[in-house]
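Descriptive analysis of the structure
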Amino acid sequence: MPKHKIDPNNWVKLYSDYLFNYTITRVSDREVAQDLISETFLAGLKSMKNFKGEASERTWLVSILKRKIIDHYRKINSNKGKAEVRMNYINDTDSEGDWLEERVADSNVKTAEDTLVNSELGGAIYDCLAKLPEKQADVFKMKTILGYGTETICNELNITASNLWVIIHRARTALAECMEENWFK
């Protein structure tokens, strides 16, 4: 039994409007907002025993809701890599207006031309990287090509996070200019 008394019977009456206004500004979809609030109340019910009373009920519910919103966006973004199907409306005289389903080309299927273009592009990028100051090139490679985390790079190169982002910005700007001159002519 929790030390602090919470009353889930009043959550909808007391907090639903506040939670809805909080959520709708973050997801911009009424139904999704309502679903997230329902999930929040359910999660609150399941974890009532963990409520320590260090914050108000509303603050506790908002913290649960924040995690639900983050999970919502993670779920959306994890679906981006899946095959995409587009529906196009064809309005010509023969078909009298039909919906046509088109499968978008699979980005994993490479032609010989794609491979050639990619290797040429890669070569141009590495040529431009070679023209950067050494520290900019190292930071860019570590962050963008090797996928190192900010903390790892900062520790390795003994720089601050804000310095890292300045270096990344300068490297990207210089690379963009170099690519403009050497690749996109």
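Residues numbered from 1 in each chain as written. Predicted model: local features only at pLDDT ≥ 70, side-chain atom pairs only at ≥ 80, totals over all residues. Heavy atoms only, no water.

The chain is annotated in an unreviewed UniProt entry as Sigma-70 family RNA polymerase sigma factor of Winogradskyella marina. As stated in UniProt under Sequence similarities (unreviewed entry), the record for the chain gives "Belongs to the sigma-70 factor family. ECF subfamily." (UniProt positions renumbered as here; feature names shortened; annotations may be inferred.)

Moving on, we come to the state of the cysteines. What is meant by a disulfide is a covalent connection between two cysteines, made through their sulfur atoms. A complete count under the given rule lists one disulfide for this structure. A sulfur-sulfur distance of 2.1 Å marks the disulfide that ties Cys128 to Cys178. The chirality of the disulfide connecting Cys128 with Cys178 is left-handed, given an S-S dihedral of about -80°. With Cys128 in helix H4 (residues 112–131) and Cys178 in helix H7 (residues 161–182), this residue pair connects regions lying 50 residues apart in the sequence. The pair formed by Cys128 and Cys178 is uniform in burial state, with each residue classed as buried. (Disulfide = S-S within 2.5 Å. Helix = DSSP H or I, 4+ residues; strand = E, 2+ residues; numbered from the N terminus. Buried < 20%, exposed > 50% of the residue type's maximum accessible area, 1.4 Å probe, protein only.)

Glancing now at the packing of helix H1 (residues 11–27) against helix H3 (residues 57–78). Between H1 and H3, the least distance of the axes is 11 Å, while the angle of their chain directions is 35°. The element H1 and its partner H3 pack so that their crossing is right-handed. Together, Trp11, Tyr15, Tyr18, Leu19, Tyr22, Thr23, Arg26 and Val27 of H1 and Glu57, Arg58, Trp60, Leu61, Val62, Leu65, Lys66, Ile69, His72 and Tyr73 of H3 make up the contact between the two elements. By residue class, the composition of the contact of H1 with H3 is 12 nonpolar, two polar and four charged. (Axes fitted to C-alpha atoms, helices over the stretch in contact; angles between N-to-C directions. Left-handed = near helix turned anticlockwise from the far one by under 90°. Contact = heavy atoms within 4.5 Å. Nonpolar A, V, L, I, M, F, W, Y, C, P; charged D, E, K, R; others polar.)

Moving on to the pattern of salt bridges. Per the counting criterion, the structure on display carries one salt bridge. Its salt-bridge partner being Asp71, residue Arg74 comes within 3.6 Å of it at the nearest N-O pair. Of this pair, Arg74 and Asp71 both sit in helix H3, separated by three residues, roughly a single helical turn. Residue Arg74 is classed as exposed on the basis of its relative accessible area of 57%. Classification of Asp71 by relative accessible area gives partly exposed; the value is 40%. (Salt bridge = Lys/Arg side-chain N within 4 Å of Asp/Glu carboxyl O.)

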